[in-house]
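Examination of the molecular architecture
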Amino acid sequence: KICDMIEKNYWRKDLCLSMIAEEINLTANYAGQLFKQVQQVSVSKYILELRLEKMGYYLRTTSLSSSEIIDKIGLEKNNYLYTCFKKHFGMSLSEYKIKYG
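Residues numbered from 1 in each chain as written. Predicted model: local features only at pLDDT ≥ 70, side-chain atom pairs only at ≥ 80, totals over all residues. Heavy atoms only, no water.

Quick word on the packing of helix H4 (residues 43-61) against helix H6 (residues 79-89)
- Remark: H4 packs on H6, axes separated minimally by 10 Å, with the N-to-C direction vectors making an angle of 80°. With respect to H6, the axis of H4 lies roughly perpendicular. Residue-level inspection shows Leu-48, Glu-49, Leu-52, Glu-53, Met-55, Gly-56 and Leu-59 of H4 in contact with H6, the latter providing Tyr-80, Leu-81, Cys-84, Phe-85, His-88 and Phe-89.
- For the contact of H4 with H6, the class distribution of residues is 9 nonpolar, 2 polar and 2 charged. (Axes fitted to C-alpha atoms, helices over the stretch in contact; angles between N-to-C directions. Helix = DSSP H or I, 4+ residues; strand = E, 2+ residues; numbered from the N terminus. Parallel < 35°, antiparallel > 145°, perpendicular 65-115°, else oblique. Contact = heavy atoms within 4.5 Å. Nonpolar A, V, L, I, M, F, W, Y, C, P; charged D, E, K, R; others polar.)

Right under this line is the structure:
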C-alpha cells in the first residue's frame, strides 16, 4: 500500500513518511519499520530512487528541459540531486542527456 501511494504521489514535493503514515493510520516510526522490513530500503530512499528513475524516463522520452523534469518529479534543483543522479545512473546528468536524450 505504501509503494502504491508513493507511485501515485511521487511528484508531490511534500511527499514523506509522515504524510504516508497519516494516510494509512500508522505512526511514522511503525510504517517506516514495516516498509524497511519488506523493501529492504527506507521510505525516503525508495522515493528518491523512484523519482530518479522517473527523471531518467522523462529525459529519454520527452523534450522537457531538466528544470521542467525536476519540477515535475517533486525534486529540488541542487547539488544533492546531481550527486544522487550520478550515483544512481553512473554518469552525470549532462552525460546522460547526451547518451540518451
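Brief notes about the layout of surface pockets
- By volume, the largest pocket is sized at about 170 Å³.
- Ser-44, Lys-45, Leu-48, Glu-49, Leu-52, Tyr-80, Thr-83, Cys-84, Lys-87 and His-88 together form the lining of the largest pocket.
- Residue assignment for the lining of the largest pocket shows that the elements contributing at least two residues are H4 and H6.
- By residue class, the composition of the lining of the largest pocket is 4 nonpolar, 3 polar and 3 charged. (1 Å grid on protein atoms, 1.4 Å probe; cavity = no way out; pocket = protein on both sides within 12 Å on 5 of 7 lines; lining within 4 Å. Points joined across faces, edges and corners; volume = space filled by probe spheres on them.)

Some details on the pattern of salt bridges
- Counted by the stated rule, this structure contains 6 salt bridges.
- Ionic pairing is found between Asp-14 and Arg-12, a salt bridge with its closest N-O pair at 2.9 Å.
- With relative accessibility at 43%, the residue Asp-14 sits in the partly exposed group.
- A salt bridge links Glu-49 to Lys-45; the shortest N-O distance between them is 3.3 Å. Here Glu-49 and its partner Lys-45 are both found in helix H4, 4 residues apart, which amounts to about one turn of the helix.
- Given the relative accessible area of 29%, Glu-49 is considered partly exposed.
- Look at Lys-45 and you get partly exposed, because its relative accessible area is 41%.
- Salt bridges sharing common partners tie together Lys-13, Asp-71 and Glu-76. (Salt bridge = Lys/Arg side-chain N within 4 Å of Asp/Glu carboxyl O. Buried < 20%, exposed > 50% of the residue type's maximum accessible area, 1.4 Å probe, protein only.)

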